[in-house]
Every structure is written in structure tokens, then in C-alpha cells.
Amino acid sequence: MTDPDFERAQKAYEDIRAAFFPRWDRRRSWKLEIDPSLPRNGDCGTWKPKTITLQFVLADAEELDQLLIHEICHAPGPEHGSPWQRRMMAAATKAEALGRSQLSARLKEEVDGLRDPRSKGEASAKYVYSTIEDAVMELPGLSSDEILARVAQSRGLSLAELKMRYKRSEKVCLKAIQEEALYRRKA
Ligand SMILES: [Zn+2]
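Residues numbered from 1 in each chain as written. Predicted model: local features only at pLDDT ≥ 70, side-chain atom pairs only at ≥ 80, totals over all residues.

1. A word on the domain arrangement of the protein
Part 1: In terms of domains, the protein is made up of domain 1 (4-115) and domain 2 (121-186).
Part 2: Computed from C-alpha coordinates alone, the two centres of domain 1 and domain 2 are separated by 24 Å. (Domains from an automatic or database assignment.)

Following this line, the structure appears as C-alpha cells:
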């Protein structure tokens, strides 16, 4: 592919690998892929092995680096549980050492947002609810609890913890299921 956006992403991917993940994928079996057909917030939700997939190439170089780091930290799996959080925090420390304190702060913020919903209450809850809506679209036919259990697992929480921390989870999920059913009937 000779798309200039893809070339820019490929260059950023190579630089990030070299600077942040020098010991990862030494055999170079992973590749970068841009897939505009991914659902909203789909970069992590559509995880597949040996592929770092971005929905599109972010214009802002720093945001692109941040997203690449987020996704490479996901290489072992799609969850945002403690192993992913540890890898993100290690990358934040590395960014600081490289003199990229803004990038470091952004990475930490992202982890904090997932780790402690009280620290960034609103944004974090909004993110969780949109993840639930996406999951409903991606997993048609599942019950509300089945969907919420998957979302909970991806955040390193139990189903009960998810419902406790994000009080509207069930409501958001049921509404999305209803809308999805209506949409499918019309389609
Ligand atoms: Zn993710």
C-alpha cells in the first residue's frame, strides 16, 4: 500500500516498536493494518492475533503514538486488565525517560481512567457505556448479562463490580439491545 497516511502510520509503528518495545516480536511476525470498517472504538474490541489494527490514522502524531502504544500493549489479548495496565505504565515510564513527558502523562491518564473510575468519573463512565453499546452491535443475540460479563472481563472486573461501579450499565445495555432488535427488524 502506498497511501501516505499508511506510510506515516507504518513509520510511527516502527519508531514506537524500536523505542518502547525493543524486545517484543523480534521475529517480526506482527503487522500493522488500517481498517476503516471497524466499529466505533473498535481498535481493541476487534483484536486479532499478529495484527495491530487501527480504525484510521490519527492526524496528531502524539495521539497516533499513544494509540499505537495502547494497541501494542494489547498484543497478548484484548483485555484492559492488570497485565495491560502494567505494560501501559511501563511505557509511560519509558516515555518519561525519553523526555516525552506529555505522552507519558497521557498514557498514565488512560490507565487511571480505567483503573479508578472516580478519578475521571464522567469520561470513564461514558467510555464504558459506549463500549457496552458497541458490544451489543458486535454480539447480536446475547443477553444483557452475557454482554455485560464480557465488557466486565475486558476491564478486569466481575459482572457485579461492573454493575456497581457503572450504575447505568444494565439500563444502557437493555436499551441498546432493544434498539438493535428494532433496527434489525427494519433492515
Ligand atoms: Zn484497548
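2. What to know about the packing of helix H7 (residues 144-154) against helix H9 (residues 169-186)
Two measures define how a pair of helices packs: the angle their axes make with one another and the distance between the axes.
Part 1: It is the contact of H7 with H9, at a shortest axis distance of 10 Å, that shows an interaxial angle of 120 degrees. In terms of orientation, H7 lies oblique with respect to H9. Remark: the crossing between H7 and H9 carries right-handed chirality. Contacts between H7 and H9 pair Ser 144, Ile 147 and Leu 148 from the former with Ser 169, Glu 170, Cys 173, Leu 174 and Ile 177 from the latter.
Part 2: Considered class by class, the residues forming the contact of H7 with H9 number five nonpolar, two polar and one charged. (Axes fitted to C-alpha atoms, helices over the stretch in contact; angles between N-to-C directions. Helix = DSSP H or I, 4+ residues; strand = E, 2+ residues; numbered from the N terminus. Parallel < 35°, antiparallel > 145°, perpendicular 65-115°, else oblique. Left-handed = near helix turned anticlockwise from the far one by under 90°. Contact = placed C-beta atoms within 7 Å. Nonpolar A, V, L, I, M, F, W, Y, C, P; charged D, E, K, R; others polar.)

3. So, the nonpolar core
Part 1: Counting 21 residues, the largest nonpolar core has Leu 68, Ile 69, Met 88, Ala 91 and Leu 107 as its most contacted members.
Part 2: Within the residue set of this core, elements represented by two or more residues are helix H1 (4-20), strand S2 (51-54), helix H3 (61-73), helix H4 (82-97) and helix H5 (101-115).
Part 3: By size, the runner-up hydrophobic cluster in this structure holds 14 residues, among which are Ile 132, Ala 135, Val 136 and Leu 162. (Core = buried A, V, L, I, M, F, W, Y, C linked by C-beta atoms within 7 Å. Buried ≥ 20, exposed ≤ 12 C-beta atoms within 10 Å, placed from the backbone.)

4. Section: the environment of Ala 75
Part 1: As for its position among the elements, Ala 75 is in the loop between H3 and H4.
Part 2: Separated by 24 residues in the primary sequence, Ala 75 and Thr 51 place their C-alpha atoms 8.1 Å from one another.
Part 3: Those residues within four positions of Ala 75 in sequence are excluded, and the remaining contacts are Trp 24 and Trp 30.

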